[in-house]
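# Understanding the architecture of this molecule
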Amino acid sequence: KTLVCKIDKDNIDIKKIKEFAHILRNGGTVIFPTETVYGLGANALDEEASKKIYEAKGRPSDNPLIVHIADKEDINKLATNINERAKKVIDRFWPGPITIVLKKKDIVPSTTSGGLDTVAVRMPSHPIALRLIKESGVVVAAPSANISGRPSPTDEENVLEEMNGRVDGIILGGDCNVGLESTVLDLTGDIPMILRPGGVTLEDLNEVLGNVIIDPAILKKNKNIVAKAPGMKYTHYSPKASVYIVSGEKDNVINKINSLVNDGKERGQKIGVMCINENISKYKGEVIGLGEDLNEVAFNLFKVLREMDKRNVDVIYSETFENNGIGQAVMNRLTKAAGYKIIQA
Ligand code: TXA
Ligand code: MG
């Protein structure tokens, strides 16, 4: 049975946090909010505990977990070769939505590192996450709290629907305000490499580190190059409907999507459309606005994909978004949700 509890992030009930911390300390699994998405946590240094995470998610065992800490210093327990660049990133962006990959220490079990000799570490900024980790006294491995392949949950309702009964505890702590997972930055090579775009953008990192590259494997589908973050090679963020991105000039996109909606209706299908809010009235079908600007699109994307499922939509057509700033993360998740299916308008 899952212990489920609401906790107000602005007025944290320490007694409740302690109950969940106790579960973690004893090798159990707890879902908790972070500023990016909800995480499914367990003691990262306990092999049996981290195995429970893979089971609860149905996650392939070669996909490593991010280890969450509540104190910057704790990275010294987990990683070696903590170079100047790592220190700069930690100083500037922690606590916050960026994960760094470094050589791991032996104490990190291979279940947690997915068999790699590196470890991914993040200090989240969400007050509930920080307090929970602190009270547990352990470092907490936590992937996004979705069944493997599904969009990451960013709100209470979706967490509960998908994970109640699959874990020992669930903390309901409101909406996650970034809405997309953290940036994963590999600092083991000569040049820092973004393995997954996220809340901290390429532009942010350029300012602090100078030259930063993006893993070429995540930019487009290519059988010949394998993504460095094992998680990036799997089908991901998939709603039940097939998703298509429609790209091109603004007016062309609107016309194209409307004609695709008509075609779909003629086939007797229910068609979803995802767009920027100002275009909502221009479409027919199951139209859901993703927000006024890119930050709102990031915040709403996963939630809207899940909402489309609830409406039993067969096909979703989405507008394209600018591929810079947080838009890189948006387009990365959207492209994966679409299985790289892009229609040129
Ligand atoms: O925002 C987030 O990062 C959320 C919250 C809960 O903190 N967590 C999250 O974890 O998104 P997960 O497991 O869903 O995604 C972790 C990503 C995967 O793509 C995984 O392959 C990659 O990070 N990763 C983890 N450890 C790695 C390593 N040692 N080397 C390369 N990639 C790694
Ligand atoms: Mg995930």
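Below or above, wherever it landed, is the structure these notes cover.

So, how was this worked out
- Residues numbered from 1 in each chain as written.
- Chains lettered and ligands numbered in written order.
- Predicted model: local features only at pLDDT ≥ 70, side-chain atom pairs only at ≥ 80, totals over all residues.
- Heavy atoms only, no water.
- Near = heavy atom within 4 Å.
- Polar contact = N/O pair within 3.5 Å; in protein donor to acceptor, adjacent residues only side chain to side chain.
- Helix = DSSP H or I, 4+ residues; strand = E, 2+ residues; numbered from the N terminus.
- Buried < 20%, exposed > 50% of the residue type's maximum accessible area, 1.4 Å probe, protein only.
- Contact = heavy atoms within 4.5 Å.
- Phe/Tyr/Trp six-rings, centres within 6.5 Å; stacked < 30°, edge-to-face > 60°.
- Pairing = 2+ DSSP bridges.
- Axes fitted to C-alpha atoms, helices over the stretch in contact; angles between N-to-C directions.

### Some thoughts on the site of ligand 1
Taken together, 29 residues lie near ligand 1, and T36, N63, H68, S182 and G231 sit nearest. For ligand 1, an oxygen atom lies 2.8 Å from a polar atom in the side chain of R59. Contributions of two or more residues to the shell around ligand 1 are made by β4 (66-68), β6 (118-122) and β10 (193-196). For the shell around ligand 1, the leading source of residues is β6, giving four residues.

### Section: the side chain of N279
Of note, N279 is situated in the loop between β13 (271-276) and β14 (286-291). You can call N279 buried: its relative accessible area is 2%. Once you skip the residues sitting within four places of it in the chain, N279 turns out to touch K250, I254 and E319.

### Thoughts on the packing of aromatic side chains
Evaluation of the coordinates by the stated rule reveals one aromatic pair. Centre to centre, the rings of Y244 and Y317 are 5.6 Å apart; their planes meet at 35°, and the pair counts as tilted. Taken together, the residues span a long stretch of sequence, with Y244 in strand β12 (residues 242-247) and Y317 in strand β15 (residues 315-319) at a distance of 73 residues.

### Quick look at the sheet that holds β14
If you walk across this open sheet you meet the five strands as β14-β13-β15-β12-β16, and the pairing is parallel. Looking at which strands have only one partner, the edges of the open sheet turn out to be β14 and β16 (342-344). Neighbour to neighbour, the strand axes of the sheet diverge by 25° on average, direction disregarded. Two strands pair when backbone bridges link them, and β13 and β15 are joined in this way by four bridges, in the parallel orientation. For M274, the partnering residue across the bridge sits in β15 and is S318.

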